[in-house]
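Summary of structural features
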Amino acid sequence: MNSVPVLTVKPWRALFDEKFHVVVGNLPPTQEVTLHSLHQSEDTDYWEAFGHYVSDAQGRVTVAKHESFGGTYEGVDPMGLLASMRPIPGSRTGLRFRIKEVHTPMVVHISVYRGHLSQGFREQLALASVVTERWCMAPGVRRVDITEGGVTGTLFLPPGPGPFPGVLDMWGGGGGLVEYRSALLASHGFAAMALMYLFPDAQKAATIGFHYIENAFRLLQDHPLVASDKIALLGTSFGASVALSLAVFSETVKPICCVCISGSHVLTLKANQSIAESFKVMKEHVHKSRMDENNCIIWRDTLLPIPEDSDLKVDVGRITCPLLLVVGQDDTNWAAVESADDMTQMMERAGNSHLLTTLSYPGAGHLIEPPYGPHCRACTFVLQPGQQRVVVLWGGLTKPHAVAQEDSWEKILDFLQEHLCHSVKPHVQSRL
């Protein structure tokens, strides 16, 4: 009698940034099989990944140990079934995987098929299947809408009485309110506030500027469950420029530390300046942008060459708190590599380079996010304000980009823990 294959995924319910372990047992020795993952996004698009394996002498495939010989990923890759996901054939073009509803899980169907398949999974009968859940919010994390003082954001609070170290979380030029990173930070013990500061309405956008960001920081600082003297700034892309500007130019906001991902100091946001005005430098040099062979826009040259005049950039030589830079060496959207090099030189000349830590990743692109989400090399992008749609090349190769996301996220959490929690009782992460 033939044995029935057994597929296990542990833990089947986990945080989005938590590893899982996939094992197939009860196979014949040296059996060719395909492991396949499938997810339907909140926008109803289907994403998939798959790897080709051969069972060992015991009739087992252990994804964390065994090599994938083909598929959307190759080699030993424990999280390849998530990190190499891509839209299924026939999907809409220009897609980017985004999590909008943080209170519901990302549901992923993991299946094993006989043979080495690359298409037609829906027409095949799976040998075994498991449904897994990937959550952004650990049990007990609280989500609070923020509308005070004209500020729009969402505060995520860890379980427990507090006070908790705080993080003001700012994404980039795509605008909107992106919550999932803040939800994950709260799951790791930080009171994290996702801030919306780029708005689609041009008239409203013209009124948002430096003082809006300062007000958001103070709102977080004044919350009764937040340790007012233990707050960090976290920014990605243009959000990194905002974080650097606040750390240098603000007379009242004094972050304990800053994390800047795929950012630049060339775009500045100064007191009494609006967000729209801070984009002026980029608009003046938009003629330097170019297209690749697939008509994807490349913006990185709009910030080059890096100006020598310190008045034309954020003077990071004035930063007085620890600063972590995260850089993808294949960033085709932003001059993050050149900016990081120039910031290093500025801080060395100013004598504060001891505050700087730089993480630089070969083969990683611009969109360095929490780990185990699908890599996006290019996608449709909506300019804020105005709602103009373009296709942007972000850069990066799937495997090295996934490595960068996993390594940088762990080090970002360590950095925040080191500088925010050394005198605050650390919170043990809630596992699902």
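Residues numbered from 1 in each chain as written. Predicted model: local features only at pLDDT ≥ 70, side-chain atom pairs only at ≥ 80, totals over all residues. Heavy atoms only, no water.

Considerations on the overall build of the chain
A count of helical and extended segments in the chain gives nine helices and 21 strands. A compact globule built from 432 residues should have a C-alpha radius of gyration of about 22 Å, and the chain, at 22 Å, falls within 12% of that. For the chain, the spread of C-alpha atoms along the three principal axes comes to 75 × 55 × 40 Å. Residue burial in the chain is summarised as follows: out of 432 residues, 58% are buried. Across the chain, the fraction of contacts at a sequence separation of at least 24, relative to all contacts at a separation of at least 6, is 71%. Of the roughly 18,100 Å² that the chain leaves accessible, carbon and sulfur atoms contribute 52%. For the chain, the separation between the mean place of its 35 positive charges and that of its 44 negative charges on side chains is 3 Å. (Helix = DSSP H or I, 4+ residues; strand = E, 2+ residues; numbered from the N terminus. Rg over C-alpha atoms; globule rule 2.2 N^0.38 Å. Buried < 20%, exposed > 50% of the residue type's maximum accessible area, 1.4 Å probe, protein only. Contact = heavy atoms within 4.5 Å. Areas by Shrake-Rupley, 256 points an atom, 1.4 Å probe, with all protein chains shown as cover. Lys, Arg positive; Asp, Glu negative; His and termini not counted. Charge placed at Lys NZ, Arg CZ, Asp CG, Glu CD.)

Structural notes on the nonpolar core
With 70 residues, the main nonpolar core has Leu168, Met193, Leu195, Tyr197, Ile213 and Leu323 as its most contacted residues. Element by element, the count of residues in this core is highest for helix α5 (residues 238-249), at nine residues. Discounting chain neighbours no more than four positions away, the residues touching Ile213 are Leu168, Met170, Leu195, Tyr197, Val242, Leu246 and Leu269. Judged by nonpolar contacts, the second largest core, of 65 residues, contains Leu15, Val24, Phe97 and Tyr372. (Core = buried A, V, L, I, M, F, W, Y, C linked by side-chain atoms within 4.5 Å.)

A few points about helix α9 (residues 398-420)
Look at α9: 32 Å from first C-alpha to last across 23 residues, which is about the 33 Å you get at 1.5 Å a residue. Where α9 is concerned, the buried positions are His401, Ala402, Ala404, Gln405, Ser408, Trp409, Ile412, Leu413, Phe415, Leu416, His419 and Leu420. (Expected span 1.5 Å × (residues − 1).)

As for the sheet that holds strand β12 (residues 164-170)
With respect to topology, eight strands assemble into an open sheet ordered β10-β11-β13-β12-β14-β15-β18-β19, the strand pairing being mixed. Looking along the sheet, the strands with just one partner apiece sit at the ends: β10 (142-146) and β19 (356-361). On average, each strand axis in the sheet is inclined to that of its neighbour by 20°, with strand direction left out of account. One ladder, built from four bridges, connects strand β15 (residues 257-261) with strand β18 (residues 323-328); its direction is parallel. Following the sheet pairing, Ile261 is matched in β18 by Val326. Against the sheet, α5 engages β12, β14 (226-236), β15 and β18, with an angle of about 135° to β14. Across the sheet, α9 touches β12, β14, β15, β18 and β19, and the angle it forms with β15 is around 170°. (Pairing = 2+ DSSP bridges. Axes fitted to C-alpha atoms, helices over the stretch in contact; angles between N-to-C directions.)

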